[in-house]
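What follows is the residue order along each chain.
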Amino acid sequence: MRIGIIGLGYVGLPLAVAFAEAGHEVVGVDTDGRKVAAVGNGESYVEDVPSERLSALGDRIVATTRYADLAGVEAAIIAVPTPLSPNREPDLGPLVGAGTALAGVLQRGQLVVLESTTYPGTTRERLLPLLEESGLAAGRDFNLAFSPERVDPGRTDHTMRTTPKVLGGLTPACLERATALYSEVCDHLVPVSTPEVAELSKLLENVFRSVNIAMVNELAMLCDRMDIDIWEVVDAAATKPYGFMRFDPGPGLGGHCLPVDPFYLAWKAREYDVPTEFIELAGEVNQAMPYFCADKVSRALNEHSKAVRGSTVTVLGVSYKAGVGDLRESPALKIMRLLRQRGAELVYHDEHVPELPELSLHSAPLEAALQGADVAVIVTAHPELDVDLVVASAPLVVDFRGVTRGRRAEHLVRL
Ligand SMILES: NC(=O)c1ccc[n+]([C@@H]2O[C@H](COP(=O)([O-])OP(=O)(O)OC[C@H]3O[C@@H](n4cnc5c(N)ncnc54)[C@H](O)[C@@H]3O)[C@@H](O)[C@H]2O)c1
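Summary of the structure given here. This one's a predicted model, so the numbers in the text were calculated from it and none came from an experiment.

A word on a nonpolar patch on the surface
- There is a patch of nonpolar side chains on the surface, built from L219, L222, M226, I228 and V233 and spanning about 400 Å² of accessible area.
- The element best represented in the nonpolar patch is helix 7 (residues 195–226), accounting for three residues.
- Here V233 shows up in helix 8 (residues 230–237).

Listed below in structure tokens is the structure:
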């Protein structure tokens, strides 16, 4: 088959590679010329796709900025961003852009699948009318489906092939086409009755995580007051073999998904006069975490007779989660800005993030970063972090990820 992928980011590029590795020809369209050039040179910018894997595919993946190159594809999969506007409402600009451009080249018999996370109704109410501007009718002249992406960057135990894929078609024939397409790269398919069910299933997954993380974060703040070790509490509760699912506290949510997606649903729910209070409350608690963490660093310094102003704060790990270099919505950036506002000198170490232009900082090697630090703050614990070295070298350590749990020392403070 010849398959088009629109949007070659964290979702689209691995998808393009999966189809190409399954023996298909892939045309990848992206509006970002740098990404198109990088793919053309076999250079990957997505950590889960090593450059060797990409370059081994040769011209089985052709990247382009031109939608016209999608002529002749059997299926076009849309994986463009679905961010929030500055006032936290869905920003469907990239999706509308992609839908409009695709309508200009859409051909009879093609299948279009939306993978971007969005509120229920987007495929039918927003994408379908755009595509029908082509003069072709959905369900009759072309097929349309929604299938949410479940990629978890950095994860290796579940792959695209082994992770079940939910699919909802506009019509039974649309669903059948989408099922045939994804069976090329996924072993387990989960057909559902409508695109709306598929859209909402993805949001349920993300709201579930956001709410549970908020709940354990709230408990972490309570434990701080009560002087109880939250990590010991979570470890103990997690020994229950049924009826409990583990969630760890942390410095706040990051990435493209959890801080954003639940608000797509909250926005849509307002149309139906339903306040989504769990979503709003979870958002509030999770957004408060970086502030709580900055205060915790201030308090720890105070305990050691130091002020934030003039202290050197070494931040360990600045991406939003372990094992990846993704900075989107990273709570580390918020914590760093807050501490800088209070007069701290910032130093950071992150093997996945060589520089932070918005803070005018470069990553220092771990030993150099710890030298002269008044406090080392573990915000994101990458697997490579030498925790022993951190605890042995820094005069004060604040750990927001529980990687020092079980250890007790005067100079060690945990969330
Ligand atoms: N990153 C994840 O872990 C993840 C997981 C599950 C779902 N999702 C969802 O998948 C979607 C894509 O996320 P992502 O992380 O891959 O985003 P991304 O920003 O990494 O990639 C999106 C790409 O789309 C391109 N683009 C933007 N507008 C375009 C247009 N009109 N035409 C063609 N290309 C265009 C951008 O240049 C970018 O390269 C989002 O809806 C996101 O919520 C992401």
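Now that the structure has been shown, we can carry on.
A few points about the pattern of salt bridges
- For the structure shown, the criterion picks out 25 salt bridges.
- Two residues, R246 and D248, come together in a salt bridge whose shortest N-O distance is 3.0 Å.
- The class for R246 is partly exposed, based on a relative accessible area of 31%.
- Beyond isolated ion pairs, a larger network of salt bridges with shared partners links D152, R155, D157 and K321.

Concerning helix 11 (residues 331–341)
- Burial in helix 11 covers these residues: P331, A332, L333, I335, M336, L338 and L339.
- The inward-facing, buried residues of helix 11 contact helix 10 (277–303), strand 9 (312–316), strand 10 (345–349), strand 11 (355–356) and strand 12 (361–362).
- Once helix 11 ends, the next one or two residues include G343, with phi positive near 100°.

Digging into the environment of R150
- Mapped onto the secondary structure, R150 falls in the loop between strand 6 (143–146) and strand 7 (165–169).
- Residues R150 and E125, spaced 25 residues apart in sequence, show a C-alpha to C-alpha distance of 23 Å.
- If we skip the residues at most four places from it in the chain, R150 touches T163, P164, K165, V166, K202 and E205.
- Within the structure, the side chain of R150 is placed 2.7 Å from the backbone oxygen of P164, a separation counted as a polar contact.

A word on the sheet that holds strand 10
- Sheet architecture is open: five strands sit in the order 10-9-13-14-15, paired in parallel fashion. Sheet topology places strand 10 and strand 15 (412–414) at the edges, where each strand pairs with a single neighbour. Taken pair by pair, the neighbouring strands of this sheet meet at an average axis angle of 20°, ignoring direction.

A word on the sheet that holds strand 5 (residues 111–114)
- In spatial order, the strands read 3-2-1-4-5-6-7-8; together these eight strands make up an open sheet with mixed pairing. Because the sheet does not close on itself, it has two edges, and the strands there are strand 3 (61–64) and strand 8 (189–192). Neighbour to neighbour, the strand axes of the sheet diverge by 25° on average, direction disregarded.

A few points about the site of the ligand
- Taken together, 28 residues lie around the ligand, and V11, D30, K35, Y67 and T82 are the ones closest in.
- One of the side-chain N or O atoms of Y67 is found 2.6 Å from a nitrogen atom in the ligand.
- Its free accessible area being 830 Å², the ligand has 91% of it covered by the protein chains.
- No other element matches the three residues that helix 4 (residues 93–103) contributes to the shell around the ligand.
- Broken down by class, the residue content of the shell around the ligand amounts to 14 nonpolar, eight polar and six charged.

A look at the pairing of strand 2 (residues 25–29)
- Within strand 2, four of the five residues are buried, which leaves the element mostly enclosed by the surrounding structure.
- For strand 1 (residues 2–6) and strand 2, the ladder comprises five bridges, and the chain directions are parallel. From the neighbouring strand, I3 faces strand 2, where its bridge partner is V26.
- Crossover connection from strand 1 via helix 1 (residues 12–21) to parallel strand 2: handedness right-handed.
- Of the pairings in the sheet, the one linking strand 2 to strand 3 comprises four bridges and is parallel in character. Bridge assignment links G28 to a residue of strand 3, and that residue is A63.

Here's the deal with the layout of surface pockets
- Put simply, the second largest pocket is a space of about 410 Å³.
- If you go around the second largest pocket, you meet 22 residues; those closest to its centre are L253, P259, Q287, E329 and K334.
- Of all the secondary-structure elements, those providing two or more residues to the lining of the second largest pocket are helix 9 (261–270), helix 10 and helix 11.
- Counting residues per element, the lining of the second largest pocket draws most heavily on helix 10, which supplies six residues.
- Each residue belonging to the lining of the second largest pocket can be placed in one class, and the counts come to eleven nonpolar, six polar and five charged.

Quick look at helix 2 (residues 33–40)
- For helix 2, the complete set of buried residues consists of V36, A38 and V39. Looking straight down helix 2, one finds that the buried residues subtend no more than 165° of arc, so they occupy a single side. Counted as exposed and oriented over 90 degrees from the buried face of helix 2: R34 and G40.
- In this fold, the buried residues of helix 2 make contact with helix 1, helix 3 (51–55) and strand 3.
- Put simply, D32 is the residue that caps the front of helix 2, since its side-chain oxygen is 2.9 Å from the backbone nitrogen of R34.
- Just beyond helix 2, the residue with positive phi is G42, at close to 70°.

Scoring rules and cut-offs
- Residues numbered from 1 in each chain as written.
- Predicted model: local features only at pLDDT ≥ 70, side-chain atom pairs only at ≥ 80, totals over all residues.
- Heavy atoms only, no water.
- Patch = residues over 30% accessible without salt bridge, like charges linked within 9 Å, V, L, I, M, F, W, Y side chains within 5 Å.
- Areas by Shrake-Rupley, 256 points an atom, 1.4 Å probe, with all protein chains shown as cover.
- Salt bridge = Lys/Arg side-chain N within 4 Å of Asp/Glu carboxyl O.
- Helix = DSSP H or I, 4+ residues; strand = E, 2+ residues; numbered from the N terminus.
- Buried < 20%, exposed > 50% of the residue type's maximum accessible area, 1.4 Å probe, protein only.
- Contact = heavy atoms within 4.5 Å.
- Polar contact = N/O pair within 3.5 Å; in protein donor to acceptor, adjacent residues only side chain to side chain.
- Pairing = 2+ DSSP bridges.
- Axes fitted to C-alpha atoms, helices over the stretch in contact; angles between N-to-C directions.
- Near = heavy atom within 4 Å.
- Nonpolar A, V, L, I, M, F, W, Y, C, P; charged D, E, K, R; others polar.
- Right-handed = clockwise from strand over helix to strand, strands pointing away.
- 1 Å grid on protein atoms, 1.4 Å probe; cavity = no way out; pocket = protein on both sides within 12 Å on 5 of 7 lines; lining within 4 Å.
- Points joined across faces, edges and corners; volume = space filled by probe spheres on them.
- Arc of directions from axis to C-beta.

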